[in-house]
Amino acid sequence: MDKHKVIEAYRRGLITLQECGQILGAEKQQLDDLLRVDHSRQPLGSNPFLMVDHF
């Protein structure tokens, strides 16, 4: 599976950070680095949705 799709699934709340790490075979530090680098990428879908946490 494409790592960017996995990261996008995590950002959309479809999988947990732990599941993301298991799918990618990455440890916490590696995940932090991937998420930081991948942050500048555009969403994968042509019509991405926005998830908001209400605190």
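Anything mentioned here points back to the structure above.
Since the model is a prediction, treat every value here as computed from it, not as a measurement.

**Description of the overall build of the protein chain**
Each helix and strand counted, the protein chain has 3 helices and 0 strands in total. Ordering the α and β elements of the protein chain from the N terminus gives α-α-α. For the protein chain, buried positions account for 24% of its 55 residues. Excluding contacts between residues fewer than 6 apart, the proportion of contacts in the protein chain whose partners are at least 24 apart in sequence is 53%. Summed over all atoms, the accessible surface of the protein chain reaches about 4600 Å², with 53% contributed by carbon and sulfur.

**Concerning the nonpolar core**
Within the largest apolar cluster, 6 residues are counted, these being V6, A9, I15, C20, A26 and L31. With residues near it in sequence (within four places) discarded, L31 still touches L17, C20, G21, L24 and A26.

**Describing the packing of helix α1 (residues 3-11) against helix α2 (residues 17-24)**
The contact between α1 and α2 brings their axes to 9 Å, and the two run at 170°. By the angle between their axes, α1 is roughly antiparallel relative to α2. Mapping the contact onto sequence places K3, V6, I7 and Y10 in α1 and L17, C20, I23 and L24 in α2. Grouping the amino acids of the contact of α1 with α2 by side-chain chemistry returns 7 nonpolar, no polar and 1 charged.

**Here we look at the pattern of salt bridges**
Inspection of every chain in the model, using the stated rule, returns 3 salt bridges. With a shortest N-O distance of 3.0 Å, K28 and D32 are connected by a salt bridge. Taken together, the residues span about one helical turn, with K28 and D32 both in helix α3 (residues 28-38) at a distance of 4 residues. The partly exposed category is assigned to D32, whose relative accessible area is 25%. Of the charged contacts in the structure, one is a salt bridge between D33 and R36, with a shortest N-O distance of 3.1 Å. Of this pair, D33 and R36 both sit in helix α3, 3 residues apart, roughly one helical turn.

**A closer look at the environment of I7**
Mapping I7 onto the fold places it in helix α1. Judged by its relative accessible area of 1%, I7 falls in the buried class. Between the C-alpha atom of I7 and that of L24, which follows or precedes it by 17 residues, the distance is 9.1 Å.

Basis of the calculations
- Residues numbered from 1 in each chain as written.
- Predicted model: local features only at pLDDT ≥ 70, side-chain atom pairs only at ≥ 80, totals over all residues.
- Heavy atoms only, no water.
- Helix = DSSP H or I, 4+ residues; strand = E, 2+ residues; numbered from the N terminus.
- Buried < 20%, exposed > 50% of the residue type's maximum accessible area, 1.4 Å probe, protein only.
- Contact = heavy atoms within 4.5 Å.
- Areas by Shrake-Rupley, 256 points an atom, 1.4 Å probe, with all protein chains shown as cover.
- Core = buried A, V, L, I, M, F, W, Y, C linked by side-chain atoms within 4.5 Å.
- Axes fitted to C-alpha atoms, helices over the stretch in contact; angles between N-to-C directions.
- Parallel < 35°, antiparallel > 145°, perpendicular 65-115°, else oblique.
- Nonpolar A, V, L, I, M, F, W, Y, C, P; charged D, E, K, R; others polar.
- Salt bridge = Lys/Arg side-chain N within 4 Å of Asp/Glu carboxyl O.

Coordinates in, geometry out; function isn't part of it.
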